[in-house]
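# A look at the structure
Residue strings, one per chain:
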Amino acid sequence: MKNPVKSLREAFQNSLVSGTVASVASTISLSMLGKAELDRSAAPVNGPSQWVWGRHAPYQNRFSLRYTIVGYLIHHAASVFWALWYERLRQRLSVAENTAAVLAPAAVIAAAAYTVDFHLTPQRLTPGFEHRLSKRSLLIVYGTFALGLAATALLKRYPKSEGMPNRKP
C-alpha cells in the first residue's frame, strides 16, 4: 500500500502542473470566446474578481490589474484546487491504458466543478464569467478545462524521442 502522505504530496505536486495547464487553457478559451461574443477578450476573465471587488466586476470590459489579474489569479487558484481532486482520482484508478481512460476523470472533475460553481455556490462566489458568456461558451470553457487537466497525463504516455530519425537524401 502506498504511503498516504507521499501520495498526497505527489498529487499536490502534479496538481500544480495540471492545474496550471488547465487554468491557462481555459483562460485562453475565455478570452477567445469573450472576443467572439462580446468583442472584449478580458471581460470574461474579469468575472472571478467579483470575489474581491463585488457584483460589478464581471461587467468590466477592459484589461486591468484590478479586475483581470485578480480574476485570473482566482481562476488559477480554483483550477489548482480542482486539479488536486483530479490527481487524487487518477491515483485511485488503475493506470490509464488509453486516451479515454485519461480523459474520463478529467471530464468527471470538470463536471463536478461546473456543478459546484453554478448550483452549490453562493452567487458572489461563482466564476462570474457566466454573466457574460452563453451557455454554449461555458460548455466550451469547462471542456477546455478538462482537456487541460488531462494534457500532462496524456503527454506522459508518449516516450521522449531521441531526435529525428536519420534520413538519407
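Keep in mind the model is a prediction, meaning the values are calculated, not measured. (Residues numbered from 1 in each chain as written. Predicted model: local features only at pLDDT ≥ 70, side-chain atom pairs only at ≥ 80, totals over all residues. Heavy atoms only, no water.)

## Focus: the environment of Asn98
With respect to the element layout, Asn98 can be found in the loop between α4 (65-92) and α5 (99-120). With relative accessibility at 40%, the residue Asn98 sits in the partly exposed group. Looking at Asn98, its side chain comes within polar contact range of the main-chain nitrogen of Ala100, at 3.2 Å. (Helix = DSSP H or I, 4+ residues; strand = E, 2+ residues; numbered from the N terminus. Buried < 20%, exposed > 50% of the residue type's maximum accessible area, 1.4 Å probe, protein only. Polar contact = N/O pair within 3.5 Å; in protein donor to acceptor, adjacent residues only side chain to side chain.)

## Looking at the layout of surface pockets
What the second largest pocket holds in volume is close to 300 Å³. Lining the second largest pocket are 19 residues, with Ala78, Trp82, Asp117, Pro127 and Tyr142 sitting closest to its centre. Those elements that place two or more of their residues in the lining of the second largest pocket are α4, α5 and α6 (135-156). Looking at the lining of the second largest pocket element by element, the count peaks at six residues for α4. (1 Å grid on protein atoms, 1.4 Å probe; cavity = no way out; pocket = protein on both sides within 12 Å on 5 of 7 lines; lining within 4 Å. Points joined across faces, edges and corners; volume = space filled by probe spheres on them.)

## Here's the deal with the packing of α4 against α6
Any two packed helices are characterised by the angle at which their axes cross and by the distance between the axes. Where α4 meets α6, the axes come as close as 11 Å, and the angle between the chain directions of the two elements is 50°. The angle between the axes of α4 and α6 places the two elements in the oblique class. Crossing of α4 over α6 shows right-handed handedness. Two secondary-structure elements touch here, α4 through Ser79, Trp82, Ala83, Tyr86 and Arg90 and α6 through Phe145, Leu149, Ala150 and Ala153. Among the residues forming the contact of α4 with α6, the class breakdown is seven nonpolar, one polar and one charged. (Axes fitted to C-alpha atoms, helices over the stretch in contact; angles between N-to-C directions. Parallel < 35°, antiparallel > 145°, perpendicular 65-115°, else oblique. Left-handed = near helix turned anticlockwise from the far one by under 90°. Contact = heavy atoms within 4.5 Å. Nonpolar A, V, L, I, M, F, W, Y, C, P; charged D, E, K, R; others polar.)

## Focus: α4
Under the 1.5 Å per step criterion, the end-to-end length of α4 is 40 Å for 28 residues, consistent within 8% with the ideal 40 Å. Buried within α4 we find Tyr67, Thr68, Gly71, Ile74, His75, Ser79, Val80, Trp82, Ala83, Tyr86 and Glu87. (Expected span 1.5 Å × (residues − 1).)

## Describing the packing of aromatic side chains
Taken as a whole, this structure holds six aromatic pairs when the rule is applied. Where Phe81 meets Trp85, the ring centres are 6.3 Å apart and the plane angle is 70°; that geometry is what we call edge-to-face. Here Trp85 and Phe81 lie together in helix α4, a separation of four residues that amounts to about one turn. Using a relative accessible area of 48% as the deciding quantity, one classes Trp85 as partly exposed. Relative to Tyr142, the ring of Tyr114 has its centre 5.4 Å away and its plane inclined at 90°; by these criteria the two rings are edge-to-face. One end of the pair, Tyr114, is in helix α5; the other, Tyr142, is in helix α6, and 28 residues separate them in sequence. Here Tyr142 falls in the buried class, since its relative accessible area comes to 9%. (Phe/Tyr/Trp six-rings, centres within 6.5 Å; stacked < 30°, edge-to-face > 60°.)

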